[in-house]
Each structure stands twice: as structure tokens, then as C-alpha cells.
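Here are the chains, one letter per residue:
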Amino acid sequence: MDFDLLSKLKQLPQPKGNYGRWVLISDYPQAAFKLELEGLTQFKLDVDADGRVTNCTILVSSGHFQLDRTTCTKASARARFDPALDQNDKPTAAPWVSSVRWQVPR
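Throughout what follows, the structure given in this document is the object of discussion. Here the structure is a predicted model, which means the values were calculated and not measured.

What counts and what doesn't
Residues numbered from 1 in each chain as written. Predicted model: local features only at pLDDT ≥ 70, side-chain atom pairs only at ≥ 80, totals over all residues. Heavy atoms only, no water. Helix = DSSP H or I, 4+ residues; strand = E, 2+ residues; numbered from the N terminus. Buried < 20%, exposed > 50% of the residue type's maximum accessible area, 1.4 Å probe, protein only. Contact = heavy atoms within 4.5 Å. Areas by Shrake-Rupley, 256 points an atom, 1.4 Å probe, with all protein chains shown as cover. Lys, Arg positive; Asp, Glu negative; His and termini not counted. Charge placed at Lys NZ, Arg CZ, Asp CG, Glu CD. Disulfide = S-S within 2.5 Å.

## So, the overall build of the protein chain
Inference 1: Broken down by element type, the protein chain carries three helices and eight strands.
Inference 2: Each helix and strand of the protein chain, ordered N terminal to C terminal, gives the series α-β-β-α-β-β-α-β-β-β-β.
Inference 3: Its C-alpha atoms give the protein chain principal-axis dimensions of roughly 50 × 25 × 20 Å.
Inference 4: For the protein chain, the residues scored as buried account for 36% of the 106 residues in total.
Inference 5: Long-range contacts, defined here as pairs at least 24 residues apart, represent 75% of the contacts in the protein chain between residues at least 6 apart.
Inference 6: Carbon and sulfur atoms form 49% of the exposed surface of the protein chain, whose accessible area is close to 6400 Å².
Inference 7: Taking the 14 positively charged and 12 negatively charged side chains of the protein chain as two groups, their mean positions are separated by 6 Å.

## Side note on the state of the cysteines
Inference 1: With the rule as written, the count across this model stands at one disulfide.
Inference 2: There is a disulfide in this structure between Cys56 and Cys72, and the S-S distance comes to 2.0 Å. One quick way to see it: the torsion about the S-S bond of Cys56 and Cys72 is about -70°, and its sign makes the bridge left-handed. With Cys56 in strand β4 (residues 53-60) and Cys72 in helix α3 (residues 65-78), this pair connects stretches of sequence that are 16 residues apart.
Inference 3: Under the relative-accessibility criterion, Cys56 is labelled buried at 16%.

Here it is as C-alpha cells:
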């Protein structure tokens, strides 16, 4: 991650709405759910100057490809942002980092 870029921003990208609803328990891949696969997936969304997601990268894998892939697929499709702002209040591209904890309800 480009920490030099982040230090020059006045504001990071701001999620619109509840980002906890970007990946839901109902999104659990069926095979992974049946096998009770669990883990924490840390991901980075690249957000452009219009607030759109242009890419998703897994930073730390849950250890299960299905969970990681679903994280990026769902977060990329559902995420909406107000873009980052540079020191002159100009919208600019910047990353946004978060994680999803995949846990089978018991």
C-alpha cells in the first residue's frame, strides 16, 4: 500500500451506508458453509475519483479461496463511496481496507 499517498490525503474514501452489509451471512458459499470453513479475509478496495471500486485485492487470506473470492466479489459489487480528497479538496483515487470474518452460525 502506498503510505506516502495516504499521508497526503485530506480524507480517505468514505463508505456510503453500512459497509457491514456488503458481505452477508447469506453470501456464504454453500460448499464452504457445509464444510464449516471459517476465517478472516482482509481486503483492499481501490476506489477511483468518482467513488467507484475499480479493483479488489486480498491482503490476508482466510485460508479458503471460496471465502476470499466471495469477499471481493460481493464487496466490489455492493460498495459505494464518497471519494478520497487531496489537500485541495479535489476527489482522487485511494484505497480502502477492511476485513470480513467468515463464521458459521452455531
